[in-house]
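As a plain string of letters, each chain reads:
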Amino acid sequence: MLVIVAGALEGLFSLGVTRTPKWKWENSWGLGSLIALVVVPWPLALLTIPDLFAVYGALPASKLLLTFLFGVGWGLGGIFWGKAIAAVGLALGVSLLMGLINVFGSLVPFALFQRQQVLTAGGLTLIGAVTIMLFGIVFLARAGQLKEQDLAASSTSAEAGGAAVKISTPFSIGLLFCVLSGALSALVNFSFIAGADIGVAAQEAGAPLWARGFAIWALVFTGNYLVNFLYAAWLMARNRSFGQIARGDVQHWFWVGFMGIAWPAGIAVYGIAAYLLGDFGAYVGFPMMLVCSILFGNLAGALSGEWKGTSPAARQAMVAGVLILILALGVMGLANQLLAKGGGHA
């Protein structure tokens, strides 16, 4: 399923930050954002939507500006995303961030734009699925706390063996970064829902159904990645870290390239999946993508050694959280079926 592909890309793109040790955070994040800004959004839109700028010209400027500003808000969330991942680790960071984004990006717009569906069987099932997901997030958060305690207790011996995990930011500050990022990053789905008219206009101009979202994403991605790139460039100027880019080897450029392509590509694939899921795809497909992101993020964290040296209790909590998320994913699929039977429009 496309939702799984989108989730995998969104859950793994942050590897670009953790796999570039010769660069500072701003080097990796800035280069990844620049690649994401240049390579994906506008080429996709220009290649798939006939006379794109005529489509924009026929729409109210306020609609285009609002869509762009949602992207700017998402970009601000991305800044805190990078800080959160660096502070709490890939597995826990992706889990907490995706959980918060799920609440703000799925249930909130569902309540605002689909009020008549909230108390239907499908609406209640969707709320239940998100609740189950949040329980999974609680288990994963607990696993992350136990992991931090275990790694802190063994940091001295780990450093002696050359395999230390450096925890430079307090856990409480990392959680704050997660909350800020989660609330702001949820604006990406608001932009997709609020910009529906742009997609309709693109389809009327001759774009296929699966590609009409690219007209929305071109504006949203521009706001997002421009903010992230400018912030990272400012940090590089302030910290005088531009020169560190030259220290990067082929591996560094591979991972930053992966980040720059996977990050926007995951959202673009989600947009296609949302249209194919039907009228409620933006409300159900979004949390489904996030669950898949969490699962792939935890898989990446496990494979990269984040859980090495942790206690059985930490690993058991992580596994329990993952199993609960898989259950939530199944319930979300049921919710989409029930909503589709009940009718309505996204």
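Going by the structure above, here's the rest.
Residue positions are counted from 1 within each chain, in the order its sequence is given. Per-residue local features are limited, in this predicted model, to residues with pLDDT of at least 70; the limit for side-chain atom pairs, both in listing and counting, is 80 or more; totals at the level of whole chains, interfaces and linings are taken over all residues. Only heavy atoms go into the side-chain values, all of them from the structure, while hydrogens and water stay out.

Regarding the pattern of salt bridges
Defined as follows: Every case where a carboxyl oxygen of Asp or Glu lies within 4 Å of a side-chain nitrogen of Lys or Arg is listed as a salt bridge. Secondary structure elements are defined from DSSP: runs of H or I of at least 4 residues count as helices, runs of E of at least 2 residues count as strands, and each element is numbered from the N terminus. Accessible area is worked out with a 1.4 Å probe on protein chains only. A residue is then buried under 20% of its type maximum, exposed over 50%, and partly exposed in between.
Counting across every chain of the model gives two salt bridges. Of the charged contacts in the structure, one is a salt bridge between D249 and K22, with a shortest N-O distance of 3.7 Å. Here K22 lies in the loop between α2 (15–18) and α3 (25–39) and D249 lies in the loop between α13 (214–239) and α14 (250–277), a separation of 227 residues in the sequence. Residue K22 is classed as partly exposed on the basis of its relative accessible area, which comes to 41%. Between K63 and D197 there is a salt bridge; the shortest N-O distance is 3.7 Å. Here D197 lies in helix α12 (residues 196–204) and K63 lies in helix α6 (residues 61–88), a separation of 134 residues in the sequence.

Quick look at the nonpolar core
Stated formally: The term nonpolar core refers to a set of buried residues drawn from Ala, Val, Leu, Ile, Met, Phe, Trp, Tyr and Cys, joined through side-chain atoms within 4.5 Å. The contact definition used throughout considers only heavy atoms, calling two residues in contact when any of these lie within 4.5 Å.
Residues I49, W217 and Y270 are the most contacted members of the largest nonpolar core, which totals 91 residues. In terms of residues, this core owes the most to one element, α14, which gives eleven residues. Other than its neighbours up to four places away in sequence, I49 contacts V55, A202, A207, A211, R212, F214 and A215. L31, A232, M236 and V256 belong to the second-largest nonpolar core, a separate cluster that totals six residues.

Here's the deal with the state of the cysteines
Going by this rule: The disulfide definition used here is simple: a pair of cysteine sulfur atoms within 2.5 Å.
On inspection of all chains with the given rule, the structure shows zero disulfides. As a non-bridged cysteine, C178 has C292 as the owner of its nearest cysteine sulfur, 20 Å distant. In this structure C292 comes out as buried when scored by relative accessible area, which is 4%.

Notes on α6
Rules: What a helix should span is 1.5 Å times the count of its residues minus one.
Between its terminal C-alpha atoms α6 stretches 40 Å, which fits the 40 Å expected from 28 residues at 1.5 Å a residue. Immediately downstream of α6, the backbone of G89 shows phi near 95°, a positive value.

Concerning the side chain of T67
Following the sequence through the fold, T67 ends up in helix α6. Among residues more than four places away in sequence, those in contact with T67 are S191, G195, I198, I216, L219 and V220.

Describing unusual backbone geometry
Most of the time, phi is negative for any residue but glycine, and the peptide bond is trans. A positive phi is found at D51, a non-glycine position, where the angle reads about 50°. Here D51 shows up in the loop between α4 (41–48) and α5 (52–57). Its relative accessible area of 57% is what places D51 among the exposed residues. For R240, which is not glycine, the phi torsion reads 55° and is therefore positive. Mapping R240 onto the fold places it in the loop between α13 and α14.

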